[in-house]
2 protein chains.
Amino acid sequence: MTGIQDTIDYIRAHREQSMQSLMQLCSIPSISTLSDHRPDMESAVDWVVERMSAVGLNGVRVLPTGGYPVVYGENLGADGQPTVLIYGHYDVQPDDPIEEWLSPPFQPTLRGENLYARGASDNKGQIAGVFAALEAWSQAGGGIPVNIKMMIEGEEEVGSPNLASCIKERIDLLASDFCMNTDSGILRADQPSIVYGLRGLAYFELWVHGPKSDLHSGMFGGAVHNPANVLCDLIAGMHDDDGRVNLPDFYDLVLPVSDAERAALANLPYDDESFRISAADPPHLFGETGYSSVERIGVRPSLDVNGIYSGFIGEGSKTVLPAKAMAKISMRLVPNQNPDDVACSLDEYLRGHAPETVRWELKKLAHASPVVVNRECVGVLAATDALETVFGVAPVFMRMGGTVPVVSILSDVLGIDTVMLGFALEDDGIHGPNEKLHMPTFYRGVETYANFFANLAT
Amino acid sequence: MTGIQDTIDYIRAHREQSMQSLMQLCSIPSISTLSDHRPDMESAVDWVVERMSAVGLNGVRVLPTGGYPVVYGENLGADGQPTVLIYGHYDVQPDDPIEEWLSPPFQPTLRGENLYARGASDNKGQIAGVFAALEAWSQAGGGIPVNIKMMIEGEEEVGSPNLASCIKERIDLLASDFCMNTDSGILRADQPSIVYGLRGLAYFELWVHGPKSDLHSGMFGGAVHNPANVLCDLIAGMHDDDGRVNLPDFYDLVLPVSDAERAALANLPYDDESFRISAADPPHLFGETGYSSVERIGVRPSLDVNGIYSGFIGEGSKTVLPAKAMAKISMRLVPNQNPDDVACSLDEYLRGHAPETVRWELKKLAHASPVVVNRECVGVLAATDALETVFGVAPVFMRMGGTVPVVSILSDVLGIDTVMLGFALEDDGIHGPNEKLHMPTFYRGVETYANFFANLAT
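One numbering rule holds for all chains: residues counted from 1, following each sequence as written. Chain letters start at A and ligand numbers start at 1, both assigned in the order the entries are written. Local features in this predicted model are restricted to residues of pLDDT 70 or higher, and side-chain atom pairs are both shown and tallied only at a pLDDT of 80 or more, whereas totals for entire chains, interfaces and linings draw on every residue.

Draft legend 1. Region of interest: the overall build of chain A. The helix and strand inventory of chain A stands at 15 helices and 18 strands. Atoms counted for the radius of gyration: C-alpha only. Globule rule: 2.2 Å times residue count to the power 0.38. A globule of 458 residues ought to have a C-alpha radius of gyration of about 23 Å, and chain A, at 23 Å, matches this closely. Once the C-alpha set of chain A is aligned to its principal axes, its extents read approximately 80 × 50 × 45 Å. Buried, partly exposed and exposed are defined by the number of other C-beta atoms within 10 Å of a residue's own C-beta, namely 20 or more, between the two limits, and 12 or fewer respectively, with C-beta atoms placed from the backbone. Looking at chain A as a whole, 57% of its 458 residues are labelled buried. Contact between residues is assigned whenever the C-beta positions, reconstructed from backbone atoms, fall within 7 Å. In chain A, once contacts between residues fewer than 6 apart in sequence are set aside, the share between residues at least 24 apart is 80%. Under the scheme used here, helices are H or I runs from DSSP no shorter than 4 residues and strands are E runs no shorter than 2 residues, and both carry numbers assigned from the N terminus.

Structural data, given as structure tokens:
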């Protein structure tokens, strides 16, 4: 393969341009969950369309969905070579709490080795990295060595609610040998890794209603059940003292982890203290009794309050007994749990525990099934080699606590395996303030993608 | 007393003007707890100063405090007559949730018999009623028949933090025979009542801190203790299954209610169903086992969440594990509890129950002691007669669940009793959206104040 060295040379000579291109993309506040940002979402679509064409893809088009569209492009000129479906997303999380950002979330800012911006790591840095690798192959390597289909969606951060039907309607267009999913990360900057398991997600909004309007807490406090107190009671009852989720039948479908897998997870170059620090330095770690932190986020399910609100939260004191209270509650699921079953568990718990002094309402928001990836898939083998070539160290295999809904959708609808190949780091602060991308890792990522395509070509 | 009939005639002929004056006052958004409203607070002070002078008070002045000032005026021309210290407040609660108001909170709007505006009932309607009665005595009754000192403060809704020191520094100026406090209400529009007991208040802000910034709930959920979940656990533990407050030593100082008082409270023309409806129609009532609703708000302490916040509360789903969570928690106190002791109870509870996986912080906000009023005080007797004259029904005697910090301050500093004489109704929605004042009751209130002054004159 003569093209790879020229491709790598091009990548190294064009680092500045790759970063500028990424900064352009990161300056677009494409927040999918907030409807005010619809124009920004359209700007992000335009950017992806233009970039796909510039790096050598053709047939670039915007696939409409019931929500934000998927941008598609392809290059099918590599006769006899495998076809890779590349996945990424152009939407990002909201930027609150805005006051905690050291630089504006949509003014990408370099400090030291890191580029700070919302979406820099999740997932704009990864898709910009693929674009840089494709551009290098097109411009310097003699053309992209495998067949590429690329789909960049706009609703990953809200649980990809329209992606399954979009894919089902375009099975021929999207048919591929396997998927390379960029929405992933590695263990450490000096230790590459490949994720072979992803948790699922079931996300809910729970409302508790008491009196029809806010009351004076003096005139009524003690004689009217306070919806905020009731909500706290309900949430407190969702875990037992051992940190286990206390919903009916919640663990019934959870696959036990084999001793061999527990041993492999225990051997990962991972320790609780470095994990604690990467988790933004809480006083102590905490989780289900009997499992390590790696197991707790990889092979065990969890339940978290993502947000809670009731009553008066401004400065000072307001003596109100609130009319209602709301919590956003989500669960991470592991094989063989599924979102519908745990929704039933939560519903049954509420029916059994909510007092008759209030009314309650449970809304289902995002959901996705957990998946385990086939480690013998040709994509995983090509990624393993590429990572070792660029990082000089063989990758370790890991489970990831997060959720990438498209992986289970592609398995179900197109019947294809996925290799997770992205370069986010655990301390990138994705979903929080001051999200960043480690630029040296980004540049290694670009080279890894370039090698990955080379490795696939036969 | 020839003047009373002319005074009443004047009041009835000037109802429209009284309402217009009240609407002026209610159009000023004098929200003491929000610092943005400082200019509005100054406008309210100006309005009270002008109105005091217009209704026949002199020596009108603005008494500075460590916070918002007290407006003072007097009329000491009734030789040999008792001196009444009249109390009210010109500040109001915040107007949130603003989207639930049917008309703008600071554009007073008549619908049917009610005037809707923030502060219409608490307490601007009551002080406007006193002004109308004083104006009538001054203009038509031959002069105010007793000596008046009037103090209208601006920090009642934040717990009157500077009032005690303001009064201590002006003992001679404020010396009076007793206080008539307008910040009160009656049982029903057709059943006047006099409040002889008020609960105290201890208001706190509790923060729980975990990781130093928000985390991705997939990458860390299950392995990092979620501060929002911890806060819910802590709040849930603050009550037992019988609806009792579950803090160490919390009930130690609570005076048991005598059988005689329980019997008197049980005889009030009050039933749980009408109470439930006045409490904005919750599905069912709830409170401490073994006590009636009247007892629960009158003679028993309570603990309520006034507000709670953590994480993402916008539309849709954000999969964040929040860095911190906050709740505003207040307790209503009964004799002989006091705010300092229950603060110790709460602190001890948190020290005993907060897990080492988080840091927590407890801020003391407003506080006030509970009081019981002397029912034989000359003011109570004059008020009883005035209510019966105007309403045609003798008042009943009640405890009130709310807190009026000035009552205990005046008892402690000036050694005077207080008669609670205001005309708020239980369904006025004070502190909530769509606060209103029942105008027929307002007009009866003006006549009651006029008769009250007449009754006091010997």
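Draft legend 2. Structural detail: the relation of the copies chain A and chain B. The copies were overlaid with a least-squares fit restricted to C-alpha atoms from residues scoring a pLDDT of at least 70 in each copy. Screw-axis analysis of chain A against chain B gives a translation of 0.0 Å along the axis, an RMSD of 0.1 Å, and a rotation angle of 180 degrees. Taken together, the rotation and translation relating the two chain copies correspond to the operation of a two-fold axis. Taken together, the interface assignments show that 100% of the residues at the interface of chain A recur at the interface of chain B, consistent with an identical surface on both copies.

Draft legend 3. Seen up close, the packing of helix α8 (residues 227–236) of chain A against helix α8 (residues 227–236) of chain B. Think of each axis as a best-fit line through the C-alpha atoms, taken over the contacting stretch in the case of a helix, with angles from 0 to 180 degrees between the N-to-C directions. Two numbers describe how α8(A) lies on α8(B): the axes approach to 8 Å, and their chain directions differ by 110 degrees. Here α8(A) lies roughly perpendicular to α8(B), going by the angle between them. Every pair of crossing elements has a handedness; the one defined by α8(A) and α8(B) is left-handed. Here Asn229(A), Cys232(A), Asp233(A), Ile235(A) and Ala236(A) of α8(A) come into contact with α8(B), specifically with Asn229(B), Cys232(B), Asp233(B), Ile235(B) and Ala236(B). Each residue belonging to the contact of α8(A) with α8(B) can be placed in one class, and the counts come to 6 nonpolar, 2 polar and 2 charged. Oblique is the label for every angle not falling under 35 degrees (roughly parallel), over 145 degrees (roughly antiparallel), or within 65 to 115 degrees (roughly perpendicular). In this scheme, a crossing is called left-handed if the near helix is turned counterclockwise away from the far one by less than a right angle; it is called right-handed if the turn is clockwise. Residues are grouped as follows: nonpolar covers Ala, Val, Leu, Ile, Met, Phe, Trp, Tyr, Cys and Pro; charged covers Asp, Glu, Lys and Arg; every other residue, Gly included, is treated as polar.

Draft legend 4. Region of the structure containing the sheet that holds strand β8 (residues 193–198) of chain A. Sheet architecture is open: 3 strands sit in the order β15-β8-β16 (chain A), paired in mixed fashion. Edge positions in the open sheet fall to β15 (371–372) and β16 (396–400) of chain A, since each of these has one partner strand only. A pair of strands is labelled paired if DSSP reports no fewer than 2 bridges between them.

Draft legend 5. Region of interest: the sheet that holds strand β5 (residues 114–116) of chain A. Residues and elements named next belong to chain A. Ordered by their spatial adjacency, 3 strands build an open sheet running β4-β5-β18, and the pairing between neighbours is antiparallel. The strands lining the two open edges of the sheet, one partner per strand, are β4 (109–111) and β18 (436–438). Each adjacent strand pair in this sheet contributes to an overall mean axis angle of 25 degrees, direction not counted. Judged from the 3 bridges that link them, β5 and β18 form a sheet pairing that is antiparallel. The residue of β18 that forms the bridge with Asn 114 is His 438.

Draft legend 6. Highlighting the domain arrangement of chain A. All names here are of chain A. Domain borders in the structure are assigned automatically or taken from a domain database. When the domains of chain A are assigned, the result is domain 1 (3–198 + 370–456) and domain 2 (200–257 + 283–290 + 298–368). A straight line from the C-alpha centre of domain 1 to that of domain 2 covers 34 Å. Counting residues at the interface gives 12 residues for domain 1, matched by 14 residues for domain 2. If you list the elements that add at least two residues to the side of domain 1 that touches domain 2, you get β16 and α14 (405–413).

Draft legend 7. Molecular detail of the nonpolar core. Each nonpolar core reported here comprises buried Ala, Val, Leu, Ile, Met, Phe, Trp, Tyr and Cys residues connected via C-beta atoms within 7 Å. Within the largest apolar cluster, 89 residues are counted, with the highest numbers of intra-cluster contacts made by Ala133(B), Ala383(B), Ala450(B) and Phe453(B). When residues in this core are grouped by element, the largest group, 10 residues, is from helix α4 (residues 120–140) of chain B. Excluding residues within four positions of it along the chain, Ala383(B) makes contact with Ile194(B), Val419(B), Leu421(B) and Phe452(B). The next biggest cluster of nonpolar side chains, apart from the first, holds 86 residues, and it includes Met52(A), Val371(A), Val373(A) and Val404(A).

Draft legend 8. Quick peek at helix α15 (residues 439–456) of chain B. The length a helix should cover is 1.5 Å for every residue beyond the first. With 18 residues, α15(B) should cover 26 Å at 1.5 Å per step; its first-to-last C-alpha distance of 26 Å lies within 8% of that length. Burial within α15(B) is extensive, with 16 of its 18 residues counted as buried.

Draft legend 9. Local environment of the interface of chain A and chain B. With 87 residues of chain A at the interface, the matching set in chain B holds 87 residues. If you list the elements that add at least two residues to the side of chain A that touches chain B, you get β10 (215–216), α7 (217–220), α8, α11 (293–298), β11 (302–311), β12 (320–321), β13 (324–333) and β14 (359–368) of chain A. Of the residues forming the side of chain A that touches chain B, the biggest block, 9 residues, is contributed by β11(A). Here the residues of the side of chain A that touches chain B are counted per class, giving 34 nonpolar, 35 polar and 18 charged. Here β11(A) runs beside strand β11 (residues 302–311) of chain B; their pairing, made up of 5 bridges, is antiparallel. When the sheet's bridge partners are listed, Gly307(A) is paired in β11(B) with Gly311(B).

Draft legend 10. Region of the structure containing unusual backbone geometry. Residues and elements named next belong to chain B. Looking along the chain, the bond that leaves Asp 96 and enters Pro 97 is cis, with omega of -5 degrees. With respect to the element layout, Pro 97 can be found in the loop between β3 (83–89) and β4 (109–111). The omega angle of the peptide bond from Asp 122 to Asn 123 is 10 degrees, so this bond is cis rather than trans. Mapped onto the fold, Asn 123 is located in helix α4.

Draft legend 11. Inspection of the confidence of the model for chain A at higher detail. Each residue carries a pLDDT score, the predictor's confidence in it, ranging from 0 to 100. The share of residues in chain A with pLDDT of 70 or more is 100%, and the mean pLDDT across the chain is 95. Predicted complex metrics record ipTM = 0.84 and pTM = 0.84.

Draft legend 12. The environment of Pro211(B), seen in detail. The topology assignment puts Pro211(B) in the loop between β9 (200–209) and β10 (215–216). For Pro211(B), a count of 24 C-beta atoms within 10 Å corresponds to the buried category. The sequence separation of Pro211(B) and Arg359(B) amounts to 148 residues, and the corresponding C-alpha distance is 9.6 Å. Discounting residues that sit within four places of it in the chain, Pro211(B) has contacts with Ala279(A), Ala280(A), Asp281(A), Pro282(A), Val224(B) and Ala323(B).

Draft legend 13. Structural view of the packing of helix α4 (residues 120–140) of chain A against helix α15 (residues 439–456) of chain A. Residues and elements named next belong to chain A. Look at α4 against α15: their axes get within 8 Å of each other, and the N-to-C directions meet at 50 degrees. As judged from the angle between their axes, α4 and α15 are oblique. Relative to α15, α4 is oriented so that their crossing is right-handed. Contacts from Gly 125, Gly 129, Val 130, Ala 132, Ala 133, Ala 136 and Trp 137 of α4 reach α15 at Phe 442, Gly 445, Val 446, Tyr 449, Ala 450 and Phe 453. Per-class residue counts for the contact of α4 with α15 are 10 nonpolar, 3 polar and no charged.

Draft legend 14. Broad picture of the environment of Leu63(A). Residue and element names in this part refer to chain A. Among the secondary structure elements, Leu 63 is positioned in strand β1 (residues 58–63). Each C-alpha atom, one on Leu 63 and one on Leu 85, is 15 Å from the other, the two residues being 22 residues apart in sequence. Contacts of Leu 63, omitting those with residues within four sequence positions, involve Pro 69, Val 70, Tyr 72, Cys 166 and Arg 170.

Draft legend 15. Summary view of the pairing of strand β3 (residues 83–89) of chain A. Residues and elements named next belong to chain A. Within β3, 6 of the 7 residues are buried, which leaves the element mostly enclosed by the surrounding structure. Looking at chain direction, β3 and strand β6 (residues 147–153) are connected through 7 bridges and run parallel. Across the sheet, the residue bridging to Thr 83 is Asn 147, located in β6. Sheet analysis places β3 next to strand β7 (residues 178–181), joined by 4 bridges and oriented parallel. For Tyr 87, the partnering residue across the bridge sits in β7 and is Asn 181.

Draft legend 16. Quick peek at the environment of Glu261(B). Residues and elements named next belong to chain B. Looking at where Glu 261 falls in the secondary structure, it is placed in helix α9 (residues 259–266). Glu 261 gets classed as partly exposed once you count the C-beta atoms within 10 Å, which come to 16. Sequence-wise, Glu 261 and Lys 328 are 67 residues apart; in three dimensions their C-alpha atoms are separated by 33 Å.

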